[in-house]
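A look at the structure
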Amino acid sequence: MGPRKRQVISPEVWSTFSDEDLLNIRVRDLGLRIEGSPVEPRIQKLHAELEGRGIAFRPACYLADEWLCPDKVPVIGIAFYVAHPRLTRLENKMMLEVEGGTEGSCMKILRHEAGHAINYAYRLFHRTRWRELFGPFSAAYSDYYYAQPYSKRYVSHLQHNYAQAHPDEDFAETFAVWLTPNSRWQERYRDWPAMTKLRYVDHLMRDIGPRPPLLTGGATHWSAARMTSTLAAYYQRKRRRLGEE
């Protein structure tokens, strides 16, 4: 037997399926698109925030198997399950939570991923001052890290003290705090050592913001449009990975 042929099912159809039937559909056959989805206005909001801060670069976005910004590739992968309410409900049932499932949490992640994309687009991690403040970009990356919950050397944006996971995450989190409207970071972090990083980001963005990026676009790794696994297999892997962590 040859490989299964692609058979895209209209969202209007599969959105009425039972969970059991929906889980048997391959992700790529869901026919998901950013256009017209709940994600589209949130991306537009991110772009408006970047414009308001004088940043000309607009990271390209695509639907992926999870939230990510591929290593050194200035594009943003958005978890496919937030692109349709039916999939968001399924994600909540299968995982008991939805990362980026609300507008507020989605915007927090988008700002974080935008920090990665801008870091890569302008190759900021090569700069000496960047390395002095955040650490070496080449540091070993691991899903496991020891956080210091009360450390004032890092900003607090996403959960689990994520800024402490890696220098790249530290920069992305610092950028996200700086970008967030009405975050009042000058007051909140006034007496924190993390203020040095925030001031660096503020100065750096004023400098490079109007400039064209050194790199745009790139490979869309783990794209939902190419995922041949069924939703059932996807959740089986996801639960297994969560159990290991």
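In the block above lies the structure referred to throughout.
Below you will find a few notes about this structure. (Residues numbered from 1 in each chain as written. Predicted model: local features only at pLDDT ≥ 70, side-chain atom pairs only at ≥ 80, totals over all residues. Heavy atoms only, no water.)

A word on the pairing of strand S2 (residues 75-79). Counted residue by residue, S2 has 5 buried out of 5 residues, so it is predominantly covered. Neither face of S2 is exposed, since Val75, Gly77 and Ala79 on one face and Ile76 and Ile78 on the opposite face are all buried. When strand S1 (residues 60-64) meets S2, the two strands line up parallel, connected through 5 bridges. Across the sheet, the residue bridging to Leu63 is Ile78, located in S2. (Buried < 20%, exposed > 50% of the residue type's maximum accessible area, 1.4 Å probe, protein only. Helix = DSSP H or I, 4+ residues; strand = E, 2+ residues; numbered from the N terminus. Pairing = 2+ DSSP bridges.)

This part is about helix H9 (residues 195-208). Helix length check: H9 (14 residues) gives 20 Å between terminal C-alpha atoms against 20 Å at 1.5 Å per residue, within 8%. For H9, the secondary structure elements touched by its buried residues are helix H5 (103-121), helix H6 (128-134), helix H7 (167-179) and helix H8 (185-188). (Expected span 1.5 Å × (residues − 1). Contact = heavy atoms within 4.5 Å.)

A few words on the packing of aromatic side chains. One pass over the structure, following the stated rule, counts 15 aromatic pairs. A centroid spacing of 5.9 Å and a plane angle of 70° characterise the contact between Phe80 and Tyr81, whose relative ring orientation is edge-to-face. Relative accessible area serves as the criterion here: at 2%, Tyr81 is assigned to the buried category. Seen from their ring centres, Tyr234 and Tyr235 are 4.9 Å apart, and the 70° between their planes marks the pair as edge-to-face. For the pair Tyr234 and Tyr235, one class covers both residues: buried. (Phe/Tyr/Trp six-rings, centres within 6.5 Å; stacked < 30°, edge-to-face > 60°.)

Let us now look at the packing of H7 against H9. Put simply, H7 and H9 touch, their axes get as near as 9 Å, and they point 75° apart. Between H7 and H9, the crossing angle belongs to the class labelled roughly perpendicular. Taking contact as the criterion, the partners of Asp170, Phe171, Thr174, Phe175, Val177 and Trp178 in H7 are, on H9, Lys197, Leu198, Val201, Asp202 and Met205. Among the residues forming the contact of H7 with H9, the class breakdown is 7 nonpolar, 1 polar and 3 charged. (Axes fitted to C-alpha atoms, helices over the stretch in contact; angles between N-to-C directions. Parallel < 35°, antiparallel > 145°, perpendicular 65-115°, else oblique. Nonpolar A, V, L, I, M, F, W, Y, C, P; charged D, E, K, R; others polar.)

The first and last C-alpha atoms of H7 sit 18 Å apart over 13 residues, in line with the 18 Å expected at 1.5 Å per residue. The buried fraction of H7 is high, at 13 of 13 residues.

On to unusual backbone geometry, then. Glycine aside, residues mostly have negative phi, and peptide bonds are mostly found in the trans state. Phi angles above zero are rare outside glycine, and Leu96 is one such case at about 70°. Counting through the fold element by element, Leu96 comes out in the loop between helix H4 (85-95) and H5. We classify Leu96 as exposed; its relative accessible area is 73%. At Arg184, a residue that is not glycine, the phi angle is positive and equals roughly 55°. Looking at the element boundaries, Arg184 is found in the loop between H7 and H8.

Fair warning: the whole summary comes from geometry, so function is off the table for now.
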